[in-house]
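Residues per chain, in single letters:
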Amino acid sequence: EHPLARLARRVAVDGERINAWLSRLLQTQGADIFRMKGLLNIAGEDERYVFQGVHMLFDGRLDRPWGSETPRNSLIFIGRNLDRAALNEGFAKCLA
């Protein structure tokens, strides 16, 4: 079984900051991230942003309006040598 890290917040994220953080994360730890997926509430967007990744490959897009759902952020990382505290700290810096 591989370590799992879940990050969740209801506060919107800044699009530029989350993009930069995820890019840095994949560049520096991509070999240890077997899989990641998530749902993001990007400030200024009315639609959910969904993403998934495997190692250094990443795909994401605006999905559909939140509708009656409460906007939120939910990220899941599966891998080895995952530092949950560092992931939480990095993600917290992306909040709008």
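Everything discussed here concerns the structure shown above.
Would you mind going over the packing of aromatic side chains with me for this structure?
Aromatic ring pairs: the centre-centre distance and the angle between the two ring planes describe each pair. Scanning all chains against the criterion turns up three aromatic pairs. Relative to Phe91, the ring of Trp21 has its centre 6.1 Å away and its plane inclined at 50°; by these criteria the two rings are tilted. With Trp21 in helix α1 (residues 15–29) and Phe91 in helix α2 (residues 84–92), the pair connects residues that are 70 residues apart, well separated along the chain. For the pair shown, Trp21 and Phe91 are each scored as buried. Their ring planes at 25° and their centres at 5.5 Å tell us that Phe51 and Phe58 sit as a pair that is stacked. Three or more aromatic residues joined by ring pairs make a cluster, and in this case those are Trp21, Phe77 and Phe91.

So what exactly am I meant to see when it comes to the environment of Leu25 here?
The residue Leu25 is located in helix α1 in this model. Classification of Leu25 by relative accessible area gives buried; the value is 5%. Expressed as a C-alpha distance, the spacing of Leu25 and Met56, which sit 31 residues apart in the sequence, is 9.1 Å. Leu25 has contacts with Gly30, Ile33, Phe77 and Leu87, leaving out every residue within four places of it along the chain.

Conventions used here
Residues numbered from 1 in each chain as written. Predicted model: local features only at pLDDT ≥ 70, side-chain atom pairs only at ≥ 80, totals over all residues. Heavy atoms only, no water. Phe/Tyr/Trp six-rings, centres within 6.5 Å; stacked < 30°, edge-to-face > 60°. Helix = DSSP H or I, 4+ residues; strand = E, 2+ residues; numbered from the N terminus. Buried < 20%, exposed > 50% of the residue type's maximum accessible area, 1.4 Å probe, protein only. Contact = heavy atoms within 4.5 Å.

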